[in-house]
Amino acid sequence: MSMFVVLLGTMMLPFPVTLIPVYEIFRCLGMIDTWWPLFARSFFGNAVLIFMLRQFFNGIPRELDDAARIDGAGEFYIYSRIILPLSRSGLATIAIFNAVALWNEFVFAYVLTSSTAVRTLPLAVWDFQGQYSANIPLIMAVLTLSALPLIIAYIIFQEPVS
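Read on for an overview of the structure.

Here is what the cut-offs are and how they apply
- Residues numbered from 1 in each chain as written.
- Predicted model: local features only at pLDDT ≥ 70, side-chain atom pairs only at ≥ 80, totals over all residues.
- Heavy atoms only, no water.
- Helix = DSSP H or I, 4+ residues; strand = E, 2+ residues; numbered from the N terminus.
- Rg over C-alpha atoms; globule rule 2.2 N^0.38 Å.
- Buried < 20%, exposed > 50% of the residue type's maximum accessible area, 1.4 Å probe, protein only.
- Contact = heavy atoms within 4.5 Å.
- Salt bridge = Lys/Arg side-chain N within 4 Å of Asp/Glu carboxyl O.
- Polar contact = N/O pair within 3.5 Å; in protein donor to acceptor, adjacent residues only side chain to side chain.

Regarding the overall build of the protein
Right, on to step 1. Broken down by element type, the protein carries 10 helices and zero strands.
Right, on to step 2. Each helix (α) and strand (β) of the protein, taken in turn from the N terminus, gives the series α-α-α-α-α-α-α-α-α-α.
Right, on to step 3. Against the compact-globule benchmark of 15 Å for 162 residues, the protein has a radius of gyration of 21 Å, which places it well outside the compact range.
Right, on to step 4. With the C-alpha coordinates of the protein rotated into their principal frame, the extents come out at 70 × 50 × 25 Å.
Right, on to step 5. Of all 162 residues assigned to the protein, the portion counted as buried reaches 20%.
Right, on to step 6. Considering only residue pairs separated by 6 or more positions, the protein has 61% of its internal contacts joining residues 24 or more positions apart.

Here it is in structure tokens:
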């Protein structure tokens, strides 16, 4: 069985099924209530994003590799001068999806953090809600401020219209 089939199999597991084992792993490593578990998950890859990137790389014509090999290029040269420049848009898409997912993380951060010093922004918004009431104008102001960095990043990285 190939690694790709195993990766596709992990996509079939819902997130709540893996939440308790992941919590236990981070508890044994002493990382509960720190920033590390919130970032560590993104370093090991998301099955959906890996699948998207694989499909993107499969769309790059293999004839480019063969032509470079005929010209005497090595594997590193082919990767750095041909494949990597062609895959910038796919890598940027994966980076954006991963950044937005980390920015909006709620359940995982709620389970792994207890102090307010290491809480994420969605948890800070959750703290504005009381048990029996909610200050809706304050929550909307915080939500607007929380969306502001994403809006600024969109404006900065937007291609100019010609």
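Next, the rest of the story.
Things to note about the pattern of salt bridges
Right, on to step 1. Counted according to the given criterion, the structure contains four salt bridges.
Right, on to step 2. Glu-24 serves as the salt-bridge partner of Arg-27, at 2.7 Å between the closest nitrogen and oxygen. Taken together, the residues span about one helical turn, with Arg-27 and Glu-24 both in helix H2 (residues 15-28) at a distance of three residues.
Right, on to step 3. Judged by relative accessible area, which is 43%, Arg-27 ranks as partly exposed.
Right, on to step 4. When the shortest N-O distance is used, the salt bridge between Arg-69 and Glu-75 registers 3.1 Å.
Right, on to step 5. Three or more residues joined by partner-sharing salt bridges are found here, namely Asp-66, Arg-69 and Glu-75.

Considerations on the side chain of Ser-87
Right, on to step 1. In this fold, Ser-87 is placed in the loop between helix H6 (75-86) and helix H7 (88-103).
Right, on to step 2. The class of Ser-87 is buried, set by a relative accessible area of 0%.
Right, on to step 3. Side-chain polar atoms of Ser-87 contact the backbone oxygen of Leu-84, separated by 3.1 Å.
Right, on to step 4. Those residues in contact with Ser-87, other than ones at most four positions away along the chain, are Phe-56, Phe-57 and Ile-60.

Some details on the environment of Leu-121
Right, on to step 1. Inspection of the secondary structure assignment puts Leu-121 in helix H9 (residues 121-127).
Right, on to step 2. By relative accessible area, Leu-121 is classed as partly exposed at 32%.
Right, on to step 3. Once the C-alpha coordinates of Leu-121 and Ile-152 are considered, the two residues, 31 residues apart in sequence, prove to be 17 Å apart.
Right, on to step 4. Excluding residues within four positions of it along the chain, Leu-121 makes contact with Trp-103 and Ser-146.

What about unusual backbone geometry?
Right, on to step 1. Even without being glycine, Asp-33 reaches a positive phi, approximately 65 degrees.
Right, on to step 2. Among the structural elements, Asp-33 can be located in the loop between H2 and helix H3 (36-43).
Right, on to step 3. Taking relative accessible area as the criterion, Asp-33 reaches 25% and is therefore assigned partly exposed.

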